Amino acid sequence: SFSGIFAYGIIRLDGIAGRPGWAWIFIIEGLFSVVCGIVLFFILPRSPAHAQFLRAQEKEYVIARLRQSGSMDANEDEAHAGPFQPREFLKAISGPHVWMGTIMAFLMGNVQL
């Protein structure tokens, strides 16, 4: 995978600016993630209704599927959706599948058999 090759190259920065190679991996890969997050915040469309790469029929289909799955209220106007509400985040993380996945990920990295 590319990640391993990239990490091998970064680890060779050992000693530069007084930092060990493993610290450079965290710094560079973390910086890349932060920059991508900021750029994508401005590039990605706010909703399917604002997606320029979808045709009108596709936008209607996606919005209908979001309403059907409960991700969007039936009376919510997708083109004029309000700002993010903290309760939306709490609703997303309160599902049992989220908690089970979190517990499994935690235990896979911490339990030694």
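About the thresholds
- Residues numbered from 1 in each chain as written.
- Predicted model: local features only at pLDDT ≥ 70, side-chain atom pairs only at ≥ 80, totals over all residues.
- Heavy atoms only, no water.
- Helix = DSSP H or I, 4+ residues; strand = E, 2+ residues; numbered from the N terminus.
- Buried < 20%, exposed > 50% of the residue type's maximum accessible area, 1.4 Å probe, protein only.
- Contact = heavy atoms within 4.5 Å.
- Areas by Shrake-Rupley, 256 points an atom, 1.4 Å probe, with all protein chains shown as cover.
- Axes fitted to C-alpha atoms, helices over the stretch in contact; angles between N-to-C directions.
- Parallel < 35°, antiparallel > 145°, perpendicular 65-115°, else oblique.
- Left-handed = near helix turned anticlockwise from the far one by under 90°.
- Phe/Tyr/Trp six-rings, centres within 6.5 Å; stacked < 30°, edge-to-face > 60°.
- Salt bridge = Lys/Arg side-chain N within 4 Å of Asp/Glu carboxyl O.
- Expected span 1.5 Å × (residues − 1).

**Describing the overall build of the protein**
When helices and strands are counted, the protein shows five helices and zero strands. Within the span of the protein, comprising 113 residues, buried residues form 12% of the whole. Contacts in the protein between residues far apart in sequence, at least 24 positions, make up 20% of those at least 6 positions apart. As displayed, the protein offers around 9700 Å² of accessible surface, 67% of which is attributable to carbon and sulfur atoms.

**Notes on the environment of alanine 49**
Take alanine 49: it is sitting in the loop between α2 (21–43) and α3 (56–69). Alanine 49 gets classed as partly exposed once you look at its relative accessible area, which sits at 25%. Along the primary structure alanine 49 and lysine 59 are separated by ten residues, whereas in three dimensions their C-alpha atoms are 5.9 Å apart.

**Some remarks on the packing of helix α1 (residues 2–11) against α2**
Where α1 meets α2, the axes come as close as 8 Å, and the angle between the chain directions of the two elements is 125 degrees. By the criterion of interaxial angle, the relationship of α1 to α2 is oblique. The handedness of the crossing between α1 and α2 is right-handed. On the side of α1, the interface is formed by Ser3, Phe6, Ala7, Ile10 and Ile11, while α2 contributes Gly21, Trp22, Trp24, Ile25, Ile28 and Glu29.

**Considerations on the packing of aromatic side chains**
Aromatic ring pairs are reported here in terms of the distance separating the ring centres and the angle at which the planes meet. Counted under the stated rule, the structure contains two aromatic pairs. Ring centres of tryptophan 22 and phenylalanine 26 lie 6.1 Å apart, and the angle between their planes is 85 degrees; this geometry places the pair in the edge-to-face category. With tryptophan 22 and phenylalanine 26 both in helix α2, this residue pair falls four residues apart, about one helical turn. Residues phenylalanine 41 and phenylalanine 42 carry aromatic rings whose centres are separated by 5.1 Å and whose planes lie at 90 degrees to one another, so their mutual orientation is edge-to-face. Exposure remark for phenylalanine 41: the relative accessible area of 64% places this residue in the exposed category.

**Section: unusual backbone geometry**
Of note in the backbone geometry, alanine 17 takes a positive phi value of approximately 60 degrees without being a glycine. Relative to the helices and strands, alanine 17 is located in the loop between α1 and α2.

**Examining the pattern of salt bridges**
Two side chains that carry opposite charge are able to pair once their charged atoms sit near each other. Scanning the entire structure with this criterion turns up one salt bridge. Glutamate 58 is the salt-bridge partner of arginine 55, the closest N and O atoms lying 3.5 Å from each other. Given the relative accessible area of 27%, glutamate 58 is considered partly exposed.

**Some details on α2**
Given 3.6 residues per helical turn, the α-helix brings residues three or four places apart onto the same face. Here α2 is 23 residues long and its end C-alpha atoms lie 33 Å apart, about the 33 Å a rise of 1.5 Å per residue gives. Within α2, the full set of buried residues consists of Gly21, Ala23, Trp24 and Ile25. Next to the buried residues of α2 lie α1.

**Some points on α3**
Across its 14 residues, α3 extends 20 Å between first and last C-alpha, which sits within 8% of the 20 Å expected from 1.5 Å per residue. Looking one or two residues past α3, glycine 70 carries a phi angle of roughly 90 degrees, positive in sign.

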